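This is what each chain is made of:
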Amino acid sequence: MNILKAVVQGQVESKRTLKPSQITLDPAMQQRVAIDEGVVKDYAKAWLAGEDLSLRDKMLVAYLTDMGVYVGIDVWHRHLGWVEAFDDKPREYTVVECTRREAILLSMKQNPGHGLRRTNADMRKAVETMLNDPEWQTWSNIEIAKACRVSDVFVGKVRREMGLQRDTVTAVRNGKEVTINTKNIGAATGNTNRAIEKVEKTPKKEEKTGPGPLTEEVYAEGVEVVVAEHTRTIGA
């Protein structure tokens, strides 16, 4: 089952009460450029004032079936605010079970227009993460745009700036997956990338591999999380 579709439809979610120290803040799941300490403090005050910040948007955590750990997906600022307010006091989270690679893909879709809005740099970071992946970079601009909740024009711009132009794309014709040579498509008008998008309608199936090995040491009993200049230790 496509993990993004399953989560959107609420088919694989459950509610679990966890201690903050049980949740690892894996930088690979953070698609923002940096943590905003001011927002963390504001959220801490809101928690202390009795406001439930999970009512507006669920506190999404992934249980990695290939690692046996919980990682934060759509929780970072609210989670850190909770820790600042209540330390390791347990609370309820929305949990989805998936692999680490699926969790990274799922993190691309978070924070599009609620809470702390994404900056252009945040959106670019998500797109660059996908374009730097050997498999995901073969997806069409349209499919990457859907995954990151940005425009396909934005994806195309970032792709060009990264020098990742494509000579072939994968599409489906008469129910069969075919490879189309796009090298000369749109050459007459100089609008090759937009012409390519016309034949890019079906993404390749996601392989549950990569992105690179992750050692167990990362999830040792005291996890040090460093995001930009923000450093916080969570654990015993």
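Residues numbered from 1 in each chain as written. Predicted model: local features only at pLDDT ≥ 70, side-chain atom pairs only at ≥ 80, totals over all residues. Heavy atoms only, no water.

Undergrad: Outline the environment of T138, supporting the account with residue identities and numerical values.
TA: With respect to the helices and strands, the residue T138 is situated in the loop between α5 (120–131) and α6 (141–148). Linking T138 and L164, residues 26 residues apart in sequence, is a C-alpha distance of 9.6 Å. (Helix = DSSP H or I, 4+ residues; strand = E, 2+ residues; numbered from the N terminus.)

Undergrad: Outline the packing of α6 against helix α7 (residues 152–161), supporting the account with residue identities and numerical values.
TA: If you want to describe how two helices pack, look at the angle between their axes and the distance between the axes. It is the contact of α6 with α7, at a shortest axis distance of 8 Å, that shows an interaxial angle of 110°. Judged by the inter-axis angle, α6 sits roughly perpendicular to α7. Considering only the axes of α6 and α7, their crossing is right-handed. Only D152, V155, G156 and R159 of α7 make contact with α6, whose side of the interface consists of N141, I142, I144 and A145. Here the contact of α6 with α7 is composed, by residue class, of four nonpolar, two polar and two charged. (Axes fitted to C-alpha atoms, helices over the stretch in contact; angles between N-to-C directions. Parallel < 35°, antiparallel > 145°, perpendicular 65-115°, else oblique. Left-handed = near helix turned anticlockwise from the far one by under 90°. Contact = heavy atoms within 4.5 Å. Nonpolar A, V, L, I, M, F, W, Y, C, P; charged D, E, K, R; others polar.)

Undergrad: Go over the pairing of strand β3 (residues 60–64) with me, naming the residues and quoting the values.
TA: Most of β3 sits out of view: four of its five residues are buried. Both β3 and strand β4 (residues 69–74) contribute to a ladder of five bridges, which runs antiparallel. Within the sheet, the bridge partner assigned to L60 lies in β4 and is D74. Hairpin remark: β3 followed by β4, antiparallel, with four residues in the connecting loop; positive phi at G68, about 75°. Bridging between β3 and strand β5 (residues 91–98) involves five bridges; their strand directions are parallel. In the sheet register, Y63 faces β5, and the bridge partner there is E97. (Buried < 20%, exposed > 50% of the residue type's maximum accessible area, 1.4 Å probe, protein only. Pairing = 2+ DSSP bridges.)

Undergrad: Can you lay out the confidence of the model for the protein for me, pointing to particular residues and giving the numbers?
TA: Chain-level pLDDT for the protein is 75 on average; 63% of the residues reach the 70-or-more range. Across the protein, the element-wise mean pLDDT spans from 36 in strand β8 (residues 222–227) up to 96 in strand β2 (residues 23–24). Under a pLDDT of 50 for its full length, residues 201–236 has, in the predicted model, 76 contacts with residues more than four places off or in other chains. (pLDDT = per-residue confidence, 0-100.)

Undergrad: Requested: an account of the nonpolar core, with residues and values cited.
TA: In terms of nonpolar packing, the biggest core is built from 29 residues, with A62, I73, M130 and C148 touching the most fellow members. Where this core is concerned, the elements lending two or more residues are β3, β4, β5, α4 (100–107), α5, α6 and α7. Looking at this core element by element, the count peaks at five residues for α5. Not counting the four nearest positions on each side in its chain, C148 is found in contact with M108, R118, A126, V127 and M130. Counting 21 residues, the second-largest nonpolar core is a separate cluster that includes L18, I23, Y43 and A46. (Core = buried A, V, L, I, M, F, W, Y, C linked by side-chain atoms within 4.5 Å.)

Undergrad: Residues and numbers for α7, please.
TA: Among the residues of α7, V155, G156, V158 and R159 are the ones counted as buried. Burial along α7 is one-sided: seen end-on, the buried residues are contained in an arc of 165°. For α7, the secondary structure elements touched by its buried residues are α5 and α6. At the C-terminal side of α7, G163 shows a positive phi close to 70°. (Arc of directions from axis to C-beta.)

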